[in-house]
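Each chain is listed here by its residues.
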Number of protein chains: 2
Amino acid sequence: MSGTVYLVGAGPGAADLLTLRAARLLGQADLILHDALVTDEILALAPRARKLNVGKRAGRPSTDQAFISRLLVRAARRHKVVVRLKGGDPMLFGRAQEEIDALTAAGTPFEIVSGISAGFAAAADLAQSLTERHIARSVAFVTPAVARGDKADDAWAEAAAAADTACIYMGKGDAARIRDALIARGVAPGRPAVLVEGASRGGVVAGGTLQDLPSLAAQSGDGPALLLIGEAFAEAAIRHANAEASTARRA
Amino acid sequence: MSGTVYLVGAGPGAADLLTLRAARLLGQADLILHDALVTDEILALAPRARKLNVGKRAGRPSTDQAFISRLLVRAARRHKVVVRLKGGDPMLFGRAQEEIDALTAAGTPFEIVSGISAGFAAAADLAQSLTERHIARSVAFVTPAVARGDKADDAWAEAAAAADTACIYMGKGDAARIRDALIARGVAPGRPAVLVEGASRGGVVAGGTLQDLPSLAAQSGDGPALLLIGEAFAEAAIRHANAEASTARRA
């Protein structure tokens, strides 16, 4: 007999942006393995669960991915409802496949519960659609970040340069490299760019152009941030183009 | 005095994939203007609201977009909580910007509530991440569909061809054109492709390759479908590559 592992998206941060299904499963959970960015407010939805932080914390390396996968398989042998809680949606930049493959190989029952990815929450904060008639009909979600031990390259930049709207995850620390890679692929240095930190939680918003990307990144704090680049963000970039970073619309 | 208009994502279909915030607002709503694809099960979460279907229905044209925008502005003068309910996420292929611009111009208070977009639900159904270490680090969300009166072109195909994973919305009726546009841009005809119809609701799943796209589309029914193309879907495409279309994992 085995319990079930639920790979659940915790959404962008605001607790009421969890799905009804995710909230129900948190209420039933016996054990939760969560990323570091999942807030206490969200974990409070799981009063009976034991909680284990397996994410990266300031300066300390994250728990080894293979170890997390093994832990999930073992946990399902002892608990009925095991929740693997990941920020945003588990199927976008969440390393979910390695866990899914391990669960499949072990014959452990599992389900995936979608969550709101930060790019959508950032668009909501800015009141700017990722797509817009006559302006943007394609959106690329990319990251320049690679797993430990993997070689960094700029293949991600092809899709970001080709799309009308680029949503760049985990890119704040690589702002100069992102700017250079996109300009090298023909993107205009003056294309509007907006940084949104702490989407859905009233974080920092800074607007400018692709050329300004490093200075936008410098205006943000320690939290995870998203870089949105595209003509659709022309007005939003101007609205948030202050020397001092402004705060999001939904403060 | 004015009420507030909430542009709310209804998610991919399953009612419990609404966010907690969306469900709360539906419970408070006085008036709901919804797309045709929003299910009765979701509308049942709004017992006190008057409901108005402003979406496209079989053969009949959708309500004019400018008319919907005017209706939202007027509705907020008479009702405290007006919900504009859109399938998926309002900020992706939802024509939200035209409504946001009208609400802004009229000085009508509004908020945007994110929803799960179908691409994420399809990935969950297939138990296949949109991104995968060493295989896919970029995802493009595109549509070949254009608004009435707009000229069709294949600019959307640039981003779909450049990304490791392409999620194509509203493309089922243009399968041959999509195949040709991607192959013309250098995508291998043998790249894995999966069609997911009715994501999150146990709809049809059909797998094959980019070359097979028209035959995958022919296996689906009347519902909205998503086309997922990329090496990450190699196993999913084989798993669902039957002459008879299979049903989704979450039936």
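So, here's what we can say about the structure. (Residues numbered from 1 in each chain as written. Chains lettered and ligands numbered in written order. Predicted model: local features only at pLDDT ≥ 70, side-chain atom pairs only at ≥ 80, totals over all residues. Heavy atoms only, no water.)

Some words on the nonpolar core
(1) Moving on: The biggest cluster of nonpolar side chains holds 88 residues, and the ones touching the most others in it are A:Leu130, A:Phe141, A:Leu228, B:Leu130, B:Phe141 and B:Leu228.
(2) Moving on: Excluding its chain neighbours within four sequence positions, the residues that come into contact with A:Leu130 are A:Gly119, A:Phe120, A:Ala123, A:Ala136, A:Val139, A:Phe141, A:Thr165, A:Cys167, A:Leu228, A:Phe233 and B:Met91.
(3) Moving on: Listed in part, the 50 residues of the second largest apolar core include A:Ala161, A:Leu210, B:Ala140 and B:Ala160. (Core = buried A, V, L, I, M, F, W, Y, C linked by side-chain atoms within 4.5 Å. Buried < 20%, exposed > 50% of the residue type's maximum accessible area, 1.4 Å probe, protein only. Contact = heavy atoms within 4.5 Å.)

Here's the deal with helix α5 (residues 118-126) of chain A
(1) Moving on: Burial of α5(A) is extensive: 8 of the 9 residues sit out of reach of the surface.
(2) Moving on: Of the residues one or two after α5(A), A:Ala127 is the one with positive phi, at around 55°. (Helix = DSSP H or I, 4+ residues; strand = E, 2+ residues; numbered from the N terminus.)

So, the interface of chain A and chain B
(1) Moving on: On the side of chain B, 62 residues touch chain A, which itself brings 62 residues to the contact.
(2) Moving on: Summing the contributions of chain A and of chain B, the shared interface buries around 5000 Å²; its carbon and sulfur component is 54%.
(3) Moving on: Put simply, chain A and chain B have 8 salt bridges between them.
(4) Moving on: With its nearest N and O atoms 3.6 Å apart, the salt bridge here joins B:Asp153 to A:Arg137. (Buried area = accessible area lost by both parts, 1.4 Å probe. Salt bridge = Lys/Arg side-chain N within 4 Å of Asp/Glu carboxyl O.)

Quick word on the side chain of B:Ser69
Residues and elements named next belong to chain B.
(1) Moving on: Along the polypeptide, Ser69 turns up in helix α3 (residues 65-78).
(2) Moving on: Judged by relative accessible area, Ser69 falls into the buried class, the value being 6%.
(3) Moving on: Not counting residues up to four positions away in its chain, the partners in contact with Ser69 are Glu98, Glu99 and Ala102.

Here we look at the relation of the copies chain A and chain B
Mapping between the two chain copies consists of a rotation about an axis together with a translation along that axis.
(1) Moving on: Of the transformation placing chain A onto chain B, the axial shift is 0.0 Å and the rotation is 180°, giving an RMSD of 0.0 Å. One copy is carried onto the other by what is essentially a two-fold rotation axis.
(2) Moving on: Residue by residue, 100% of the interface of chain A is reproduced at the interface of chain B, so both copies engage with the same surface. (Least-squares fit on C-alpha atoms with pLDDT ≥ 70 in both.)

A few points about the state of the cysteines
(1) Moving on: A complete count under the given rule lists 0 disulfides over all chains for this structure.
(2) Moving on: Considering cysteine sulfurs only, B:Cys167 is the nearest to A:Cys167, which forms no disulfide, with 13 Å between them.
(3) Moving on: Owing to a relative accessible area of 0%, B:Cys167 belongs among the buried residues under this scheme. (Disulfide = S-S within 2.5 Å.)

Notes on the packing of aromatic side chains
Residues and elements named next belong to chain B.
(1) Moving on: Tallied over the entire structure, the rule returns 8 aromatic pairs over all chains.
(2) Moving on: Where Phe93 meets Tyr169, the ring centres are 5.2 Å apart and the plane angle is 50°; that geometry is what we call tilted. Of the two residues, Phe93 sits in the loop between β4 (81-86) and α4 (96-106) while Tyr169 sits in strand β7 (residues 165-169), which places them 76 residues apart along the sequence. Each member of the pair, Phe93 as well as Tyr169, is classed as buried. (Phe/Tyr/Trp six-rings, centres within 6.5 Å; stacked < 30°, edge-to-face > 60°.)

Considerations on the packing of α3(B) against α4(B)
Residues and elements named next belong to chain B.
(1) Moving on: Running from N to C, α3 and α4 cross one another at 40°; their axes reach a closest spacing of 9 Å. Between α3 and α4, the angle falls in the class oblique. The two elements α3 and α4 meet at a crossing, and its hand is right-handed. Contacts from Gln65, Ile68, Ser69, Leu72 and Val73 of α3 reach α4 at Glu98, Glu99, Ala102, Leu103 and Ala106.
(2) Moving on: Tallied by class, residues from the contact of α3 with α4 come to 6 nonpolar, 2 polar and 2 charged. (Axes fitted to C-alpha atoms, helices over the stretch in contact; angles between N-to-C directions. Parallel < 35°, antiparallel > 145°, perpendicular 65-115°, else oblique. Left-handed = near helix turned anticlockwise from the far one by under 90°. Nonpolar A, V, L, I, M, F, W, Y, C, P; charged D, E, K, R; others polar.)

Observations regarding the sheet that holds strand β3 (residues 50-53) of chain B
Hydrogen bonds between backbone groups are what pair the strands of a sheet, and the pairing can be parallel or antiparallel.
Residue and element names in this part refer to chain B.
(1) Moving on: Strand order in the open sheet formed by 5 strands is β3-β2-β4-β1-β5, with parallel pairing between adjacent strands. A single partner strand is all that each edge strand has here, and the edge strands are β3 and β5 (110-113). Each neighbouring strand pair of the sheet contributes to a mean axis angle of 20°, computed without reference to strand direction.
(2) Moving on: Strand direction decides the pairing type here: strand β2 (residues 31-34) and β4, joined by 4 bridges, are parallel. By the bridge assignment for β4, Leu31 is matched with Val82. (Pairing = 2+ DSSP bridges.)

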